[in-house]
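Listed below are the residues making up each chain.
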Amino acid sequence: MFYVTYLVSELRRRLGRTVLTALGLGLGVALVVTVSALSTGLDRAQEEVLQPLTGVGTDMSVSRPIDFSGRPGAGGFPQLSEEERRQLRDEFGPGRLGLRDLGEPGTRFSRDTFVSAAQLSFPESEVTGIAGLSGVSSAAGGLTMNAIHVEGIVPERTEERGRFAPGAGPPGPPENIDVSSISVAGVDVRHPELGALTEGQVVDGGYFTGTGTSEAVVDESYASSTGLAAGDELTLGGKAFTVVGIAQTPLGGQSSDVYVPLDRLQALAGREGRVNTAYVRAESAGDVASVAAAIEETVDGASVTTAQDLADRVSGSVVDAQSLVSKLGTTLMIVGLLAAFLIASLLTLSSVTKRTRELGTLKAVGWSQGLVVRQVAGESVVQGLLGAAFGVVIGVAAAALVGALSPTLTASFAADAPQGPGPLGRGFFGQGAIVDAPSTSVALTAPVGVGLVGLAVVLALLGGLVSGAVGAFRAARLRPADALRHID
């Protein structure tokens, strides 16, 4: 009891030095709490942005993209076999535009056709083969097409207009002909959790019921621009579809204007039994790399895109801030703690030096060296506890301020620009070569958990022990005779 009473009285007698030491430790601890809370908040913000990339229903997607760097008119596409070149002509050639055999020149016409995206299709049976690979949990096929509606007055010499000029892409539309295009994705409704559209993406209405083939789900932005709502009807390829739901595509997800059952789109587009994307889910995150490698070996010309590939294409202030905190924040925490420990140690040494006569007198009246060391170390530990209290209060207040201000961070996804002479390239009916990068916003928070508070207490106690050890070492070397001769 005397030891505790004496310890408290000594701390109270040197209240200014006690508070200064505790405050020094507290500032270092508060810096750790604040930076750690910010780092946790940024991690959560980044997870909120990146989670949809792994939540679009697949761990990876498989396609067969075409390298359009060659010139078709000059013997390009050397990577394709003759059969694949024929398939390329079938899927991208002028016959797909529906501008032949329109009728007599000068009469009105209306045509609907489907043109493939800038990738080769492959048999649906290959999806079954992928599903059988080791490490694959499930696989589903998908088909993405452009539904093109062409109407107007039959021009003169349509055959010539339908031909490709050597080394050039498809020509623009003739006069008096209107062309409109929307992107359509075929979804395997047997896998509602896997594919270009999942149940979780539907924000209004519902998912495909599976009882009818004339159901459609439309993208939220497309619905907003056209005024479509659940229950309305739309026309694809001259066939009526009922809108059963509105979907929101997450950042990095594959966005189409309209989603319909896969078999229905295959029939409309004349692609029975074929898909141009396979959506694959691995059994675990650790299997993704090996599964991707196996798919590339199994499917000729396959390109596998994993969730990590998509995540690497996310940029913006949320990524920049995370990078800054991870690099600069760790350095600040280390420097802050070292400075706090150094300040506490110097103040403790100064205190021991000023108390030389007092500590020498205690030794002279019978205190053992261990008791003197315990006294100095005990005072430092109490100062460490006070520093922990100061640090937690200051750190929590700083984190609460960040939460109250709730600054907004942005994240954008670098989408690939379509290329090539096909409908997704610079053709008149597709999207242009410039693609706006989709973006999203997320509010920054700085959560402080129990674990972080516990870390703050441990660090402050560690600082107290370090400074106490330094002071105790100095006190242990005092000799009673030298101390009694010392004049404060």
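Above this text sits the structure in question.
What this report covers is the structure whose coordinates are included nearby. (Residues numbered from 1 in each chain as written. Predicted model: local features only at pLDDT ≥ 70, side-chain atom pairs only at ≥ 80, totals over all residues. Heavy atoms only, no water.)

**Quick look at the packing of aromatic side chains**
Basically, it comes down to this: Aromatic pairing here means that ring centres of Phe, Tyr or Trp (its six-membered ring) are within 6.5 Å. Orientation follows from the plane angle: under 30 degrees is stacked, over 60 is edge-to-face, and everything else is tilted. Partly exposed residues are those whose accessible area sits between 20% and 50% of the maximum for their type, while under 20% is buried and over 50% is exposed, using a 1.4 Å probe and protein chains only.
In this structure the tally under the stated criterion is one aromatic pair. Ring plane angle 70° and centroid distance 5.2 Å describe the contact between Tyr207 and Phe208, whose orientation is recorded as edge-to-face. The exposure classification of Tyr207 matches that of Phe208, with both residues buried.

**Examining the pattern of salt bridges**
To be explicit about the condition: Note on definitions: salt bridges are taken to be side-chain nitrogens of Lys or Arg within 4 Å of carboxyl oxygens of Asp or Glu.
Summed over the entire model, instances satisfying the criterion amount to one salt bridge. When the shortest N-O distance is used, the salt bridge between Arg190 and Asp188 registers 2.8 Å. Given a relative accessible area of 62%, Arg190 falls into the exposed group. Classification of Asp188 by relative accessible area gives buried; the value is 7%.

**Here we look at helix H8 (residues 288-298)**
Quick reminder of the rule: The secondary structure listing takes helices from DSSP runs of H or I that are at least 4 residues long and strands from runs of E that are at least 2 residues long, numbered from the N terminus. It is the directions from the helix axis to the C-beta atoms that the arc portrays.
Every buried residue belonging to H8 is among Val288, Val291, Ala292 and Ile295, and all of these are buried. In an axial view of H8, the angular spread of the buried residues amounts to 100°, which keeps them on one side of the axis. Set apart from the buried face of H8 by more than 90 degrees, the exposed residues are Ala289 and Glu297.

**What about the pairing of strand E4 (residues 136-153)?**
Stated precisely, the cut-off is as follows: Two strands make a pair as long as DSSP finds a minimum of two bridges between them.
Within E4, 14 of the 18 residues are buried, which leaves the element mostly enclosed by the surrounding structure. Inspection of the sheet shows strand E2 (residues 108-116) paired to E4 by nine bridges, in the antiparallel sense. Each bridged residue has a counterpart across the sheet, and for Arg111 the counterpart in E4 is Val150. As defined by bridge partners, E4 adjoins strand E12 (residues 277-282) across six bridges and the pair is classed as antiparallel. The residue bridging Ser138 from the neighbouring strand is Arg281, located in E12. Both E4 and strand E5 (residues 177-187) contribute to a ladder of eleven bridges, which runs antiparallel. Paired with Asn146 across the strands is Ser183, a residue of E5.

**As for the nonpolar core**
Spelled out, the test is: The criterion is simple. A nonpolar core is a set of buried Ala, Val, Leu, Ile, Met, Phe, Trp, Tyr and Cys residues joined through side-chain atoms within 4.5 Å. What makes two residues a contact is simply this: any of their non-hydrogen atoms within 4.5 Å.
In terms of nonpolar packing, the biggest core is built from 40 residues, with Met60, Val218, Leu236, Val258, Val280 and Ile295 touching the most fellow members. Among the elements that make up this core, the one with the highest residue count is E4 (five residues). Apart from the residues lying within four places of it in its own chain, the contact partners of Leu236 are Phe114, Ala147, Ile182, Val184, Phe241, Val258, Val260 and Leu268.

**Describing unusual backbone geometry**
Unlike most non-glycine residues, Ser406 shows phi in positive territory, near 45°. By the secondary structure assignment, Ser406 is in the loop between helix H12 (369-405) and strand E15 (408-413).

**Observations regarding the environment of Ser39**
Mapped onto the fold, Ser39 is located in helix H2 (residues 15-55). A relative accessible area of 22% places Ser39 in the partly exposed class.

**Here's the deal with a nonpolar patch on the surface**
Selection rule: Only residues whose relative accessible area exceeds 30% and that form no salt bridge enter a patch; like-charged residues are grouped when within 9 Å of one another, and nonpolar side chains (Val, Leu, Ile, Met, Phe, Trp, Tyr) when within 5 Å. All accessibility values rest on the Shrake-Rupley procedure with a 1.4 Å probe; residue burial counts only the protein chains present in the view.
Taken together, the side chains of Leu15, Val19, Leu23, Leu27, Leu386, Phe390 and Ile394 make up a nonpolar region of the molecular surface, amounting to roughly 550 Å² of accessible area. Mapped onto the nonpolar patch, the elements with two or more residues apiece are H2 and H12. Of note, Leu15 is situated in helix H2. Among the residues examined, Leu15 registers a relative accessible area of 52% and is labelled exposed.

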